[in-house]
Amino acid sequence: AGEIRRMLPREGAVLVVGLGNRYMTADALGSRTAEGVYVTRHLKAQERRTLRPVSAMAPGVLGITGVETAEMVRGVVERVQPQAVIAVDALAAMETKRICTTIQVTDTGIQPGSGVGNHRAGLTRETLGVPVIAVGIPMVVYASTIALGFIPCINSWDEVRNHADDCVEQGTGTGGIVHDIGTNHGGNGTVIVVSWREAAGGRRGGSLCGREPVHHG
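Remember, it's a predicted structure, so these values are computed and weren't measured experimentally. (Residues numbered from 1 in each chain as written. Predicted model: local features only at pLDDT ≥ 70, side-chain atom pairs only at ≥ 80, totals over all residues. Heavy atoms only, no water.)

Caption draft 1: Expanded view of the overall build of the chain. Scanning the chain for helices and strands turns up ten helices and six strands. Within the chain, the fraction of its 217 residues that count as buried is 38%. Total accessible area computed for the chain in this model is approximately 12800 Å², and 50% of it derives from carbon and sulfur atoms. (Helix = DSSP H or I, 4+ residues; strand = E, 2+ residues; numbered from the N terminus. Buried < 20%, exposed > 50% of the residue type's maximum accessible area, 1.4 Å probe, protein only. Areas by Shrake-Rupley, 256 points an atom, 1.4 Å probe, with all protein chains shown as cover.)

Caption draft 2: View of the environment of Val135. Tracing the chain through its elements places Val135 in strand β5 (residues 132-142). Relative accessible area serves as the criterion here: at 14%, Val135 is assigned to the buried category. With 28 residues separating them along the chain, Val135 and Asp107 place their C-alpha atoms 9.0 Å apart. The contact partners of Val135, leaving out residues within four places of it in the chain, are Ile4, Ile86, Ala87, Val88, Asp89, Ile103 and Gln104. (Contact = heavy atoms within 4.5 Å.)

Caption draft 3: How the structure looks around the pairing of strand β1 (residues 14-19). With respect to burial, β1 is a largely interior element, six of its six residues being buried. On β1, burial covers both faces: Val14, Val16 and Gly18 on one face and Leu15, Val17 and Leu19 on the other are all buried. Where β1 and strand β2 (residues 54-60) come together, five bridges link them in parallel fashion. When the sheet's bridge partners are listed, Val16 is paired in β2 with Ala56. Pairing geometry for β1 and strand β3 (residues 84-93), over five bridges, is parallel. Bridge pairing in β3 links Val16 to Ile86. (Pairing = 2+ DSSP bridges.)

Caption draft 4: Molecular detail of the pairing of β5. Extensive coverage of β5 is indicated by the burial of ten of its eleven residues. Where β3 lies against β5, nine bridges are found, and the strand directions are parallel. Each bridged residue has a counterpart across the sheet, and for Ala90 the counterpart in β5 is Ile137. As defined by bridge partners, strand β4 (residues 104-106) adjoins β5 across three bridges and the pair is classed as antiparallel. The residue bridging Gln104 from the neighbouring strand is Gly136, located in β5.

Caption draft 5: Up close: helix α5 (residues 69-80). With twelve residues, α5 ought to run about 16 Å at 1.5 Å a step, and its terminal C-alpha atoms sit 16 Å apart, in line with that. Every buried residue of α5 is listed here: Thr69, Ala70, Val73, Val77 and Val80. When α5 is viewed along its axis, its buried side chains cluster within an angular range of 105 degrees and face the same direction. Facing away from the buried side of α5, by more than 90 degrees, are the exposed residues Glu78 and Arg79. Of the surrounding secondary structure, the elements contacted by the buried residues of α5 are β1, β2, β3 and α6 (125-128). Just beyond α5, the residue with positive phi is Gln81, at close to 55 degrees. (Expected span 1.5 Å × (residues − 1). Arc of directions from axis to C-beta.)

Caption draft 6: Quick peek at the pattern of salt bridges. Counting across every chain of the model gives three salt bridges. Between Arg6 and Glu3 there is a salt bridge; the shortest N-O distance is 2.5 Å. Taken together, the residues Arg6 and Glu3, both in helix α1 (residues 2-7) and three residues apart, mark about one turn of the helix. What makes Arg6 exposed here is its relative accessible area of 62%. Residue Arg98 is joined to Glu95 by a salt bridge in which the shortest nitrogen-to-oxygen separation is 3.2 Å. A residue is classified by how much of its surface remains accessible, and Glu95, at 33% relative accessible area, is partly exposed. (Salt bridge = Lys/Arg side-chain N within 4 Å of Asp/Glu carboxyl O.)

Caption draft 7: Unusual backbone geometry, seen in detail. Positive phi, normally seen in glycine, also occurs at Gln81, with a value near 55 degrees. Its location among the elements puts Gln81 in the loop between α5 and β3. Positive phi, close to 60 degrees, is recorded for Cys100, a residue that is not glycine. Locating Cys100 in the fold gives a position in the loop between β3 and β4. Taking the relative accessible area as the measure of exposure, Cys100 reaches 43% and is therefore partly exposed.

This is the structure we're talking about:
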């Protein structure tokens, strides 16, 4: 809270924007945050006392509303005229250990959906006309990242596929999944993303081949 306070203007209204799809657990961080914000813009000055005017919104996602998030937020900003916007969103992690353990705060805005390759119009000072503080927590991770984390000393996706073939020969089912991940990871192929729950389930399951990984010293 202290870091965000230092980034905000000393006075003036603030708009909190909860980004993401409220119907997907791993992407509902923003909308649930907006629901918990203590809004004060509707209160009279004497009722607010020392509190600044605060409003909140959860614009949803394009696939549900049919409206770009940036367009919706821009319209509210023009009407409400806040001095700053705080955007909250779930992020895609590059390491499984960062899931739900890291908080990212920046004053350069945010590009919704960019972490999973679904690039939408950005929420920045340039697009909204006011400072945009982005707060994010990693909630999803690429399946390929989990695969690499389970297989020691991997230097290329060829090694992933070879390792998966060995798993298949041993009669384990997970090898085929790893093979698909390795095949689809390169070029413009399919990108697989899993939530923190799936990642946690994978950690409990042990190594991908059902055997302990070999650690090279």
